[in-house]
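Structural description and commentary
Chain residues, written in single-letter form:
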Amino acid sequence: MKPIVSFDVDMTLLDHKDWTIPASALETIEKLRENYTIVLATGRDMDSIFSTAIRDEVRPDAIIHLNGTKVTVGDQVIYEHTFDKVLLKEILAYAEKTPYSVGTTVGEWDYYVNPEVVKRHDATLWGECGRRFEDPGKLVELEVRTMAYIGDEAGAKAMEEQFPDIHVHMFADKRGADVVERKASKAMGLIRLCDYLKIPLTETIAFGDSMNDYDIIKIAGKGIAMGNAMTELKKAADYVTDPIDQEGIKKACLHFGMIRQED
C-alpha cells in the first residue's frame, strides 16, 4: 500500500477566514494522490451534513472521524467507539457547576450544558446563533462519540484533572476544545488504519494545527505543524510549515520531495 499522508480539516485544510480550502492545497492533494493514501484526521464527523461537501471536495481514501472514535475506509466503517455513558453523565453534571459549556450536536439538535455560553460563542464568531437547543441530559440516551467544550484553557485543564480518562484538547483559537476519551484519539485512529491497510507507522505523515493533533503529530513517521498552529504543537512537530493562507501544505510537500515544483 502507498504511504499515508493525513490532514486535519479546520485551519489545516479549511481556512476559517473564508471557509474554503486554498486552491494550492487542493492542487497539492491531487498531485499526492498518485503516490500516497490520502486521509482526513479530524474532530468532525465527515459524514454529517455539515462536512460532506468538504469530504467530497477532498475525496480521501480513508477518514479518521471525531478524533478517532470512527474510522472509515471508503464506505466501510472499520472502527467505532461511543462515549461511556456513566462518564458522560458525570462530565455533564460537573459542567453545570462551571461557567463553561459542554455538549454536542446530534442530528438537527444541539445538546449543551449552559447553552447561553454557546450562544455568545457563536455570536462572536458568526454574528448569530442558529442552533436548536435540547435538554443535554438526553445525551445519555444517545450514541455520543465525542463532545465539545466551550471555554478557556483554565477550564479545560480543570476538567482534565477532574476526569483523568478524557482529553480536553484546545482548538487553535483557544475558544474551545474537543472532549474525547483517552482510549480514542487521532493517533489511535492512525494506528488502527495502518493496521487495517498494512502500512507501517513509519510510512505516515500527519499535518495539523490544534492540540487534538498533538498525539498524531508525535506518533506519525513525520509530523508537520502549520505555521498558524498552537505553540505546543509546533514544538512537538518534526517540521513547521507556513500558515494555511500562505500555501503551507504545498510548501511542506515540496520541502520533503512529496511533490515536484512545476516549471
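These numbers were taken from a predicted model, which means no experiment stands behind them.

Let's talk about the packing of aromatic side chains
Following the criterion strictly, the structure yields five aromatic pairs and no others. Look at Y239 and F256: their rings are 5.1 Å apart centre to centre, the planes differ by 80 degrees, and that puts the pair in the edge-to-face class. Of this pair, Y239 sits in strand β14 (residues 239-240) while F256 is found in the segment after α9 (248-255), placing the two residues 17 residues apart along the sequence. Judged by relative accessible area, Y239 falls into the partly exposed class, the value being 22%. In this structure, R132 is placed above the aromatic ring of W109, and the distance from its NZ or CZ to the ring centre is 4.1 Å.

Overview of the pairing of strand β13 (residues 222-225)
In this sheet, β13 lies alongside strand β12 (residues 204-208) in parallel orientation, the contact comprising four bridges. In the strand pairing of β13, F207 is matched with I224. With helix α7 (residues 214-219) bridging β12 and its parallel neighbour β13, the resulting β-α-β unit is right-handed. With two bridges connecting them, β13 and β14 associate as parallel partners. Bridge pairing links A225 to V240 in β14.

Observations concerning unusual backbone geometry
Backbone geometry places W19, a non-glycine residue, at a positive phi of 60 degrees. Relative to the elements of secondary structure, W19 occurs in the loop between β1 (4-7) and α1 (23-32). A residue is classified by how much of its surface remains accessible, and W19, at 39% relative accessible area, is partly exposed. Its identity is not glycine, yet R59 carries a phi of approximately 55 degrees, on the positive side. The class of R59 is partly exposed, set by a relative accessible area of 44%.

Concerning the sheet that holds strand β9 (residues 147-150)
With mixed pairing, six strands are arranged side by side in an open sheet as β8-β7-β6-β9-β11-β10. Since the sheet does not close on itself, it has two edges, and those belong to β8 (133-134) and β10 (166-170), each with one partner. Pairing analysis gives four bridges linking β9 to strand β11 (residues 176-181), with the strands arranged antiparallel. Note on β11: the bridge partner recorded for A148 is D178. The strands touched by helix α5 (residues 153-162) are β6 (101-106), β9 and β10; relative to β10, the strand with the most contacts, the crossing angle is about 170 degrees.

Focus: the pairing of β6
Alignment of β6 against β9, held across three bridges, turns out to be antiparallel. Following the sheet pairing, S101 is matched in β9 by I150. As defined by bridge partners, β6 adjoins strand β7 (residues 109-112) across four bridges and the pair is classed as antiparallel. By the bridge assignment for β7, G103 is matched with Y112.

Side note on the environment of T52
Following the sequence through the fold, T52 ends up in helix α2 (residues 52-58). On the accessibility criterion, T52 (22% relative accessible area) is partly exposed. Not counting residues up to four positions away in its chain, the partners in contact with T52 are M46 and D47.

Structural notes on the domain arrangement of the protein
Split by domain assignment, the protein resolves into domain 1 (4-80 + 184-256) and domain 2 (85-181). Measuring from the centre of the C-alpha atoms in domain 1 to the corresponding centre in domain 2 gives 24 Å. At the junction of domain 1 and domain 2, the tally comes to one salt bridge. The partner of R145 in a salt bridge is E80, and the shortest N-O contact between them spans 2.2 Å. Here domain 1 is connected to domain 2 by six residue pairs in polar contact (both at pLDDT 80 or more). Here the residues of the side of domain 1 that touches domain 2 are counted per class, giving six nonpolar, six polar and five charged.

The rules behind these values
Residues numbered from 1 in each chain as written. Predicted model: local features only at pLDDT ≥ 70, side-chain atom pairs only at ≥ 80, totals over all residues. Heavy atoms only, no water. Phe/Tyr/Trp six-rings, centres within 6.5 Å; stacked < 30°, edge-to-face > 60°. Helix = DSSP H or I, 4+ residues; strand = E, 2+ residues; numbered from the N terminus. Buried < 20%, exposed > 50% of the residue type's maximum accessible area, 1.4 Å probe, protein only. Lys NZ or Arg CZ within 6 Å of the ring centre and 35° of its normal. Pairing = 2+ DSSP bridges. Right-handed = clockwise from strand over helix to strand, strands pointing away. Contact = heavy atoms within 4.5 Å. Axes fitted to C-alpha atoms, helices over the stretch in contact; angles between N-to-C directions. Domains from an automatic or database assignment. Salt bridge = Lys/Arg side-chain N within 4 Å of Asp/Glu carboxyl O. Polar contact = N/O pair within 3.5 Å; in protein donor to acceptor, adjacent residues only side chain to side chain. Nonpolar A, V, L, I, M, F, W, Y, C, P; charged D, E, K, R; others polar.

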